[in-house]
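Understanding the architecture of this molecule
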Amino acid sequence: METWQRHLQASITGPGKITRPFGVDPGPLEEVAERYPMRVPPYYLGLIKEVGDPIWKQAVPDLLELQDSICLDDPLEEENQSPVPNLVHRYPDRVLFLVSSECAMYCRFCTRKRKVGGEDMRITGETIDAGIDYISQHPEIRDVIVSGGDPLLLSDEKLDSILSRLRAIPHVQIIRIGSRVPVVLPMRITSALVRVLRKHHPLFLNTHFNHPDEITEQAAKACARLADAGIPLGNQTVLMRDINDDPLVMKLLMQKLLAIRVRPYYIYQADLVQGTDHFRTSVEEGLDVIRGLRGHTSGMAVPAFVIDAPGGGGKIPLLPDYLQSLGSEVILKNYLGETYSYVNAASKAEKELIKKVVNENG
Ligand SMILES: *Cc1c(COP(=O)(O)O)cnc(C)c1O
Ligand code: SF4
């Protein structure tokens, strides 16, 4: 067994072992962990400083998960847009391909809380074959997002085989891996794994840091290994109450990500997922986070803020109101709130129309 597998095996899977050292009664939390699986690797557990801190909140079950709310099991209607099991084809030229039902940690806020780590997410050799068949029969698919669960919990051999089969499809231009392993189980990023990944370029990896305390020396080393293998790294953060809903915390996170060669890609408004309502912030707070980034720090540190539209409408970007009005004069507000004006030019269609009128009259 590899070191990372041994580490994963030592994960805490019930509330008792995690809450007792912190003096919290685990009793009521057992029911939560029965409904939604719990798993926290010792490494991530070690990042907790105190009860209820941003690391704790992401890892430890909370009674609030059982609260009724307007939230849904599958708000993004992934199941409706699945032509074959575990593959979501929502956009014209790319698909989301779920190849693992397991994660190193079961994040309390997970969008796929309804299925990851549970019985309902059945990923088998057959579903993987069916996904690869579907992709090979659809030449419009030029981008495959390999996700789960966490694809990096598969063995090197399994992952190599899936990536090789995708690479053998001529129309698949790029492959993206979505993985939280660099954050919660960085020892999984072994040199052997990186040797496998680098065979399948152009390959991108998007990871998922939510708080500056997650950027440790070990996480940095994992990201450095991937970046050194020529894998461009991106990050997707979920905006969450009392975790990162503070513009200064988010700025620090984005800056620290760039320092470990991870480019912020998205900040998500929290999805309407059953069992995660207590993590949701208002959309205005998300816009405040973006306002706190743009202009105040490197543009490279500013991701897109998006809402993944309920009902499967896809990711919709939101921007604070920098554009005040749009006409022959464009009124703009900069990051300090100062107003500027830009003289607009005629569009190509307008110019052609003018030319036509002049020709007709001349
Ligand atoms: C997020 C997502 C994608 C990828 O979207 P990008 O904006 O290209 O990163 C593709 N398919 C599904 C179903 C998604 O949820
Ligand atoms: S690693 Fe990702 S898929 Fe797995 S539980 Fe966490 S958020 Fe969900």
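Since we're looking at a predicted model, the values are computed, not measured.

1. Some details on the overall build of the chain
The number of helices and strands found in the chain is 13 helices and twelve strands. In summary, the chain has a C-alpha radius of gyration of 23 Å against a globular reference of 21 Å for 362 residues, a match within 12%. Its C-alpha atoms put the chain at 85 × 45 × 40 Å along the principal axes. By the burial criterion, 50% of the 362 residues in the chain qualify as buried. Looking at the chain alone, contacts between residues at least 24 apart form 76% of all its contacts between residues at least 6 apart. When the accessible surface of the chain is split by element, carbon and sulfur atoms take 53% of a total near 17000 Å². Distance between charge centres in the chain, computed from 41 positive and 47 negative side chains, equals 7 Å.

2. Focus: the environment of Pro 28
Of note, Pro 28 is situated in the loop between helix H2 (15-19) and helix H3 (29-35). In the structure, Pro 28 is positioned 202 residues away from Gly 230 in sequence and 47 Å away in space, judged by C-alpha atoms.

3. Topic: the sheet that holds strand S3 (residues 143-148)
The strands that make up a sheet are held in pairs by hydrogen bonds between backbone atoms, and each pair lies either parallel or antiparallel. Taken in spatial order, the nine strands line up as S1-S2-S3-S4-S5-S6-S7-S8-S9 in an open sheet, and their pairing is mixed. Each of the sheet's edge strands pairs with one partner strand only, and the pair in question is strand S1 (87-88) and strand S9 (314-318). Summarising the sheet, S3 and strand S4 (residues 174-178) pair through four bridges and their orientation is parallel. The residue of S4 that forms the bridge with Val 146 is Ile 177. Its contacts with the sheet put helix H7 (residues 156-167) on strand S2 (94-100), S3, S4 and strand S5 (203-207), and the angle it makes with S4 is roughly 150°.

4. Regarding the domain arrangement of the chain
For the chain, the assigned domains are domain 1 (70-318) and domain 2 (323-360). Once you take the C-alpha centre of each, domain 1 and domain 2 turn out to be 38 Å apart.

5. Quick word on the site of ligand 2
Taken together, Cys 103, Met 105, Tyr 106, Cys 107, Cys 110 and Arg 180 are the residues near ligand 2. Within the shell around ligand 2, the residues separate by chemical class into five nonpolar, no polar and one charged.

6. A short note on the site of ligand 1
As a structural note, the neighbourhood of ligand 1 is formed by Val 88, Arg 90, Tyr 91, Arg 94, Leu 96, Ile 145, Arg 176, Tyr 265, Tyr 266 and Lys 315. At 2.5 Å from an oxygen atom of ligand 1 is found a side-chain nitrogen or oxygen belonging to Tyr 266. Listed by contribution, the elements that provide at least two residues to the shell around ligand 1 are S2 and strand S7 (262-268). Here the shell around ligand 1 is built from residues that sort into six nonpolar, no polar and four charged.

Definitions and cut-offs
- Residues numbered from 1 in each chain as written.
- Chains lettered and ligands numbered in written order.
- Predicted model: local features only at pLDDT ≥ 70, side-chain atom pairs only at ≥ 80, totals over all residues.
- Heavy atoms only, no water.
- Helix = DSSP H or I, 4+ residues; strand = E, 2+ residues; numbered from the N terminus.
- Rg over C-alpha atoms; globule rule 2.2 N^0.38 Å.
- Buried < 20%, exposed > 50% of the residue type's maximum accessible area, 1.4 Å probe, protein only.
- Contact = heavy atoms within 4.5 Å.
- Areas by Shrake-Rupley, 256 points an atom, 1.4 Å probe, with all protein chains shown as cover.
- Lys, Arg positive; Asp, Glu negative; His and termini not counted.
- Charge placed at Lys NZ, Arg CZ, Asp CG, Glu CD.
- Pairing = 2+ DSSP bridges.
- Axes fitted to C-alpha atoms, helices over the stretch in contact; angles between N-to-C directions.
- Domains from an automatic or database assignment.
- Near = heavy atom within 4 Å.
- Nonpolar A, V, L, I, M, F, W, Y, C, P; charged D, E, K, R; others polar.
- Polar contact = N/O pair within 3.5 Å; in protein donor to acceptor, adjacent residues only side chain to side chain.

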